[in-house]
There are 2 protein chains.
Amino acid sequence: MLPEPFLCMKRVFNFSAGPAALPDEVLRTAAEEMLDWHGSGMGVMEMSHRGPEFISICDQAFSDLRELLAVPADYDILFLQGGGIGENAIVPMNLIGRLAEQGRQPAADYVVSGSWSVKSFKEARKYGDIRVVASNETEGFTAFPDPAGWKLNDDSAYVHVCTNETIHGIECHVPPEVGQKDGRVLVADVSSHILSRPMNISRFGAVYGGAQKNIGPAGVTIVIVRKDLLGHALPITPSAFDWKIVSEFGSMYNTPPTYAIYVAGLAFQWIKRQGGLAAIEQRNVAKAKLLYDFIDGSDFYLNNVEKGSRSRMNIPFFLADESRNKDFLGGAKARGMVQLKGHKSVGGMRASIYNAMPLEGVQALVDYMREFERKS
Amino acid sequence: MLPEPFLCMKRVFNFSAGPAALPDEVLRTAAEEMLDWHGSGMGVMEMSHRGPEFISICDQAFSDLRELLAVPADYDILFLQGGGIGENAIVPMNLIGRLAEQGRQPAADYVVSGSWSVKSFKEARKYGDIRVVASNETEGFTAFPDPAGWKLNDDSAYVHVCTNETIHGIECHVPPEVGQKDGRVLVADVSSHILSRPMNISRFGAVYGGAQKNIGPAGVTIVIVRKDLLGHALPITPSAFDWKIVSEFGSMYNTPPTYAIYVAGLAFQWIKRQGGLAAIEQRNVAKAKLLYDFIDGSDFYLNNVEKGSRSRMNIPFFLADESRNKDFLGGAKARGMVQLKGHKSVGGMRASIYNAMPLEGVQALVDYMREFERKS
């Protein structure tokens, strides 16, 4: 039982895009166990990653994540470091050389749908022949590029997409088939919507993401990869980021980010207590609908993403009169709603409403938006 | 003020080699601030790394670390991910191409003094011409190789050493000059003794280490590098691990491991409250002397490292009768002393007595060792 002082702390509604809000229950457990995990006399941070205590924590996290996402048996789950931006290099290092055994050049196709996929594309060019096969950049990133228009290349090891663009608020709601020609697979950066909804992992060769948006603390990166794709890393791949080595060592080739894995594990258990991903998805649909419906019903606020591509997680919006932005943010903060400022490349506001944001938080935001509009 | 239940928790003496014990004060502060950092209504894990709250935490950590180690102004401090094993690749990626502008081949010299430097050497071979210039492997790693015997090469970008070998218990107490011929610099893996003693950073081109041994939680890697060495990374270096990019972005090119940095920062402040590194060193010398003197005065226990190379941090020891190992460990655990089992490659016992281990913990171990010997 948590000591009384924790129960009366004033908590804000935190709309940060990441690192982002965590469920109170997760943080309370972490605080309670900080100096003594389950009577061991040690905190989780202090445990050898080779000891039975941490191994039990890590095994549980693997197992809960596999259960939540219904990860098929022919896929491995890896815990790494370096975040999504690290993976922008690590993904091609691991996957682009796969066809070299057939005497083919390292090549991959990239779909550009916002700032994050632009970054992925630029970084991957260090490691092979990287082609943009679809882009909505000239339209200002207001929709996920329609797969019917993708110009895929036959010689690609993989097709890369970002299935939720945190900055532009664009979500790919139905991951496409990419033909599997010559073993070509779909690879996705799922950083900002993993565990927000069920996901058909078998549609992908690999998915990856930093944990700090919809799961837990920054510092642990999750990779889920089909096992037959392992073992073809480029020779210049650091061992710590060679997925096959990481897999063989159960994500303990190097010391893993133990505390971040522990907190992510607490978040997995919290999701299970909420009813799993089907229940979480219903909550997230309801939260997003509440905010989008309000924005669409107002001339005062604007979201310019096409309806079929709107993210459930990150909702950028603008005031028709942008000179009021500062007033809006100040009033929100005074009411205990923080980190609503839009990304600097886009401006305006952004409400990130990940799993840990309760419906009450979105309702409080909508109530405030209505009040702000009325008073303007 | 910490709630009462935290104050009566049973804590063990934790001799883990890493992740390792943290000071109670550090963990208590972390627990107290878990749901609400300084009245912000957010925990540190939940803060955007771009927000003023986390930036103030990170700036303080940089500044305290610079002060503690008296890092000269022409050196940068970087917070990365991937640990020492990640750096085994990242170091050559960043430093080995430096002489290419003079039309020379990527080459570096490695000193082999134990398991960790063997790993560093093997990984670096992916990136250039890597030569072992000194090794005590045939002697069973019982001393740090005497610099007088190093066969350095004139064409090396750097000479790599591990200044504390965690597994074999070998410490390099006086980092050597390496001549600076053609810009050659000394580079050190200092993972397991950084902040245990003052260190003359200007003796090195770069030092690096994972935090999880003598500082804080696993998941943050510290690099201290002379600024003129930046900007020569091999083209295949991932941007997230290109030290120049990391430096330009104040260690926020990608989302940093925010919570690990925060806890490391709490540890830096704890060291300052102890009186800084000069005071910490005195404590560490006294702790190591207590244990080594006891071992040397007994025929029952054995440490086979040459006295001038003995580590103050990691003290492996063996029972003359190894069939008693399990009894020894069981008795220690029953007395609240844990994680004393030696590394599997070496066997026996190992007491890691980093900064957070109080003298009382070492005294308790020595008392138990005396009792165990007497009863045997």
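What comes next is a walk through the structure. (Residues numbered from 1 in each chain as written. Chains lettered and ligands numbered in written order. Predicted model: local features only at pLDDT ≥ 70, side-chain atom pairs only at ≥ 80, totals over all residues. Heavy atoms only, no water.)

1. Quick look at the overall build of chain A
Part 1 of the reasoning: Each helix and strand counted, chain A has 10 helices and 14 strands in total.
Part 2 of the reasoning: Relative to a compact globule of 376 residues, whose C-alpha radius of gyration would be 21 Å, chain A shows 21 Å and is just as compact.
Part 3 of the reasoning: Here the C-alpha coordinates of chain A stretch approximately 65 × 60 × 30 Å along the principal axes.
Part 4 of the reasoning: Among the 376 residues that make up chain A, the fraction classed as buried is 65%.
Part 5 of the reasoning: Within chain A, counting contacts between residues at least 6 apart in sequence, those at least 24 apart form 69% of the total.
Part 6 of the reasoning: For chain A, the computed accessible surface area is about 13300 Å², with 52% contributed by carbon and sulfur atoms.
Part 7 of the reasoning: The distance from the centre of the 39 positive side-chain charges to the centre of the 43 negative ones in chain A is 4 Å. (Helix = DSSP H or I, 4+ residues; strand = E, 2+ residues; numbered from the N terminus. Rg over C-alpha atoms; globule rule 2.2 N^0.38 Å. Buried < 20%, exposed > 50% of the residue type's maximum accessible area, 1.4 Å probe, protein only. Contact = heavy atoms within 4.5 Å. Areas by Shrake-Rupley, 256 points an atom, 1.4 Å probe, with all protein chains shown as cover. Lys, Arg positive; Asp, Glu negative; His and termini not counted. Charge placed at Lys NZ, Arg CZ, Asp CG, Glu CD.)

2. Notes on the sheet that holds strand β5 (residues 158-162) of chain A
Residues and elements named next belong to chain A.
Part 1 of the reasoning: Ordered by their spatial adjacency, seven strands build an open sheet running β2-β10-β9-β8-β5-β3-β4, and the pairing between neighbours is mixed. Both edges of this open sheet fall to β2 (75-80) and β4 (129-135), since each of them pairs with a single strand only. Geometrically, the sheet is characterised by an average inter-axis angle of 20 degrees between neighbouring strands, direction not taken into account.
Part 2 of the reasoning: Taken together, the two bridges between strand β3 (residues 107-112) and β5 define a ladder with parallel strand orientation. Residue pairing across strands places Y110 opposite H160, the latter belonging to β5.
Part 3 of the reasoning: On top of the sheet, helix α3 (residues 52-69) reaches β2 and β10 (221-226); it is set at about 130 degrees to β2, its chief contact. (Pairing = 2+ DSSP bridges. Axes fitted to C-alpha atoms, helices over the stretch in contact; angles between N-to-C directions.)

3. Remarks on the nonpolar core
Part 1 of the reasoning: Judged by nonpolar contacts, the single largest core of 205 residues is most densely connected at W243 and Y259 of chain A together with W243 and Y259 of chain B.
Part 2 of the reasoning: When neighbours within four sequence positions are excluded, W243 of chain B is seen to be in contact with L78, L80, E87, I90, V91, N94, L95, A206, V223, V225 and L230 of chain B. (Core = buried A, V, L, I, M, F, W, Y, C linked by side-chain atoms within 4.5 Å.)

4. Quick word on the side chain of H193 of chain B
Residues and elements named next belong to chain B.
Part 1 of the reasoning: Here H193 is to be found in the loop between β8 (185-189) and β9 (206-210).
Part 2 of the reasoning: Only 2.8 Å separates the side chain of H193 from the side chain of E171, close enough to count as a polar contact.
Part 3 of the reasoning: For H193, the contacting residues outside a window of four places in its chain are T163, N164, E171, C172, M199, N214 and M313. (Polar contact = N/O pair within 3.5 Å; in protein donor to acceptor, adjacent residues only side chain to side chain.)

5. A closer look at the relation of the copies chain A and chain B
Part 1 of the reasoning: With an RMSD of 0.0 Å, chain A superimposes on chain B once it is rotated by 180 degrees and translated 0.0 Å along the axis. When the rotation and shift are considered jointly, the pair of chain copies conforms to a two-fold rotation axis. Looking at the rotation axis and the C-alpha trace of chain A, the residue lying nearest is A31 of chain A, at 2.2 Å.
Part 2 of the reasoning: Residue by residue, 100% of the interface of chain A is reproduced at the interface of chain B, so both copies engage with the same surface. (Least-squares fit on C-alpha atoms with pLDDT ≥ 70 in both.)

6. A look at the packing of helix α8 (residues 276-296) of chain A against helix α10 (residues 359-375) of chain A
Packed helices, taken two at a time, are described by the angle between their axes plus the distance between the axes.
All names here are of chain A.
Part 1 of the reasoning: Running from N to C, α8 and α10 cross one another at 10 degrees; their axes reach a closest spacing of 9 Å. Judged by the inter-axis angle, α8 sits roughly parallel to α10. Contacts between α8 and α10 pair A286, K287, L290, L291, F294 and I295 from the former with L359, V362, Q363, L365, V366, M369, R370 and E373 from the latter. (Parallel < 35°, antiparallel > 145°, perpendicular 65-115°, else oblique.)

7. Some details on a positive patch on the surface
Part 1 of the reasoning: A surface patch of positive charge is lined by R50 of chain A together with K119, K122, R125 and K344 of chain B.
Part 2 of the reasoning: If you trace the backbone, R50 of chain A turns up in the loop between α2 (24-32) and α3.
Part 3 of the reasoning: The exposure class of R50 of chain A is partly exposed, given its relative accessible area of 47%. (Patch = residues over 30% accessible without salt bridge, like charges linked within 9 Å, V, L, I, M, F, W, Y side chains within 5 Å. Salt bridge = Lys/Arg side-chain N within 4 Å of Asp/Glu carboxyl O.)

8. Quick look at the pairing of strand β2 (residues 75-80) of chain B
Residues and elements named next belong to chain B.
Part 1 of the reasoning: Where burial is concerned, most of β2 is hidden: six out of the six residues are buried.
Part 2 of the reasoning: Residue alternation in β2 divides its side chains into two sets, Y75, I77 and F79 and D76, L78 and L80, and both sets are buried.
Part 3 of the reasoning: Bridge count for β2 against strand β10 (residues 221-226) is six bridges, and the pairing is antiparallel. Note on β10: the bridge partner recorded for F79 is I222.

9. A few points about the state of the cysteines
Part 1 of the reasoning: Applying the stated rule across the entire model yields zero disulfides over all chains.
Part 2 of the reasoning: Not part of a disulfide, C162 of chain A finds its nearest cysteine sulfur in C172 of chain A, a span of 9.5 Å. (Disulfide = S-S within 2.5 Å.)

10. Remarks on helix α3 (residues 52-69) of chain B
Residues and elements named next belong to chain B.
Part 1 of the reasoning: Counted at 1.5 Å a residue, the expected span for α3 with its 18 residues is 26 Å, and the 26 Å between its end C-alpha atoms agrees.
Part 2 of the reasoning: The set of residues buried in α3 consists of E53, F54, I57, C58, A61, F62, D64, L65, L68 and L69.
Part 3 of the reasoning: One or two steps after α3, the chain reaches A70, where phi turns positive at roughly 50 degrees. (Expected span 1.5 Å × (residues − 1).)

11. A closer look at the interface of chain A and chain B
Part 1 of the reasoning: At the junction of the two partners, chain A supplies 64 residues and chain B supplies 64 residues.
Part 2 of the reasoning: In total, chain A and chain B occlude about 5200 Å² of area from one another, counting both sides; carbon and sulfur atoms represent 62% of this.
Part 3 of the reasoning: Counting the surface chain A buries against chain B, the share from its top three residues, L35, M45 and E46 of chain A, is 14%.
Part 4 of the reasoning: Along the contact surface separating chain A from chain B lie two salt bridges.
Part 5 of the reasoning: Here R11 of chain B and E46 of chain A are joined by a salt bridge, their closest N and O atoms 2.7 Å apart.
Part 6 of the reasoning: Applying the counting rule to chain A against chain B returns 26 residue pairs in polar contact (both at pLDDT 80 or more). (Buried area = accessible area lost by both parts, 1.4 Å probe.)

Interpretation note: all reported values are geometric properties and have no functional meaning in isolation.
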